[in-house]
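# A closer look at the structure
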Amino acid sequence: MSLIETIRNYSVPRGSVATWWLGQNGFIFKTPEGTLLSIDLYLSDSAKRLYPDLPINLERQVPIFIQPPDLVTDVYACTHSHVDHADPDTISNLRNKDTMQFVGPSFTCGIYRDLGVEDSRIHHLWPQQEMEFKDVKLRGTFALPTDETDLNHMGYLLTFGDKLRIYMTGDTDYSELLASVAGDSPDVLITCINGNFNNLSHWEAAGLAKLVRPKVAVPCHYDMFPDNAIDPKQFRASLKLRAPDTAYLELPHAEPHLFSF
Ligand SMILES: [Fe+2]
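Below, the structure is looked at part by part. Being a predicted model, the structure only gives us computed values, none of them experimental. (Residues numbered from 1 in each chain as written. Predicted model: local features only at pLDDT ≥ 70, side-chain atom pairs only at ≥ 80, totals over all residues.)

### Section: the pairing of strand β5 (residues 101-104)
In terms of strand pairing, strand β4 (residues 75-77) meets β5 through three bridges, oriented parallel. Bridge pairing in β5 places Ala77 opposite Val103. Of the strand pairs in this sheet, β5 and strand β6 (residues 122-124) are connected by three bridges, and their pairing is parallel. Across the sheet, residue Gly104 finds its bridge partner in β6, namely His124. For the crossover that starts at β5, traverses helix α4 (residues 106-114) and ends in the parallel β6, the hand is right-handed. (Pairing = 2+ DSSP bridges. Helix = DSSP H or I, 4+ residues; strand = E, 2+ residues; numbered from the N terminus. Right-handed = clockwise from strand over helix to strand, strands pointing away.)

Here's what the structure looks like:
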């Protein structure tokens with residue numbers, strides 16, 4: 001059975017949210033009501049295709065678990081417009097665009113529009129603004145740009161069933177303002193740890209965990225490109241030193257993980 005069929009057939013127990021990590025910052029969440037939310041799905045090799053002259057190896061290392069035409073999701077969200085997040089080769093090849101809601105910060109919404117998404121399906125979100133879709137809430141959170149090509153980065157605070165809160169940093173440079181979500185007591189932190197190209201390092205991500213105090217911290221954005229990879233165990237070590245009350249959770253690719261509340 002293909003992964004998307006597995007996800008569609010997967011029955012999520014009440015009081016839980018199922019999570020699949022597809023590499024880099026790409027996740028799919030499924031609620032007990034069956035609502036599907038995707039974030040930053042990178043389902044192509046567009047970085048290599050679009051930047052052949054960059055002197056870094058951008059060949060994807062993670063399999064494409066879902067072909068874009070097969071993707072089914074209710075909400076398609078992105079944190080910013082870089083191609084490993086709002087991937088043009090994924091978005092332009094979606095067959096089911098007409099049944100999805102597209103969410104993102106302003107510059108990313110322009111990318112959706114340019115790639116043929118109808119205006120009525122595009123929802124512009126910004127930090128501290130919230131959108132609700134069935135049993136999922138998405139609130140934009142503060143994030144710093146990592147280069148001048150997109151000055152509209154954002155993270156998300158996701159709330160499932162009014163209880164479980166997942167804070168996803170997205171790509172961001174470090175600032176103590178990232179911890180402004182601490183007042184919402186996120187249960188889970190999903191954070192970049194690669195440290196390259198102005199992203200949070202594993203040490204900075206652990207410092208953020210110290211301020212936000214999630215029960216669990218999940219590293220991401222370390223696996224996709226050979227020249228932008230680190231060993232996630234370094235984050236585990238940093239977390240033990242800086243936020244020992246937060247549990248380390250390394251997700252395998254394309255396997256369901258249930259967070260319960
Ligand atoms: Fe990225």
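### Let's talk about the sheet that holds β4
The seven strands lie next to each other as β6-β5-β4-β3-β2-β1-β14, forming an open sheet whose pairing is mixed. In the strand order of this sheet, the two ends are held by β6 and β14 (257-260), each with one partner. Taking the axes of each pair of neighbouring strands and ignoring which way they run, one obtains an average angle of 25° across the sheet. Where strand β2 (residues 26-30) and strand β3 (residues 36-39) come together, four bridges link them in antiparallel fashion. From the neighbouring strand, Ile28 faces β3, where its bridge partner is Ser38. Here α4 sits on the sheet and contacts β5 and β6; the angle it forms with β6, its principal contact strand, is near 170°. (Axes fitted to C-alpha atoms, helices over the stretch in contact; angles between N-to-C directions. Contact = placed C-beta atoms within 7 Å.)

### Observations regarding unusual backbone geometry
Of note, Gln128 is a non-glycine position whose phi angle comes to about 75°, a positive value. With respect to the secondary-structure elements, Gln128 resides in the loop between β6 and β7 (130-133). A positive phi is found at Lys134, a non-glycine position, where the angle reads about 50°.

### Concerning α4
Because each turn of an α-helix spans 3.6 residues, side chains separated by three or four positions in sequence point in the same direction. What α4 keeps buried is the set Thr108, Cys109, Ile111 and Tyr112. The arc that holds every buried residue of α4, seen down its axis, measures 155°, which confines them to one face. The inward-facing, buried residues of α4 contact α3 (88-91), β5 and β6. One or two positions beyond α4, positive phi appears at Gly116, with a value near 95°. (Buried ≥ 20, exposed ≤ 12 C-beta atoms within 10 Å, placed from the backbone. Arc of directions from axis to C-beta.)

### A few points about the sheet that holds strand β9 (residues 155-160)
One open sheet accounts for seven strands, arranged β7-β8-β9-β10-β11-β12-β13; its pairing is mixed. Every other strand in the sheet has two partners, leaving β7 and β13 (247-248) as the edge strands with one partner each. Direction of pairing for β9 relative to strand β10 (residues 164-168): antiparallel, over a ladder of five bridges. Looking at the pairing, Leu158 lines up with Ile166 of β10. The strands touched by helix α5 (residues 202-212) are β10, β11 (188-192) and β12 (216-220); relative to β11, the strand with the most contacts, the crossing angle is about 155°.

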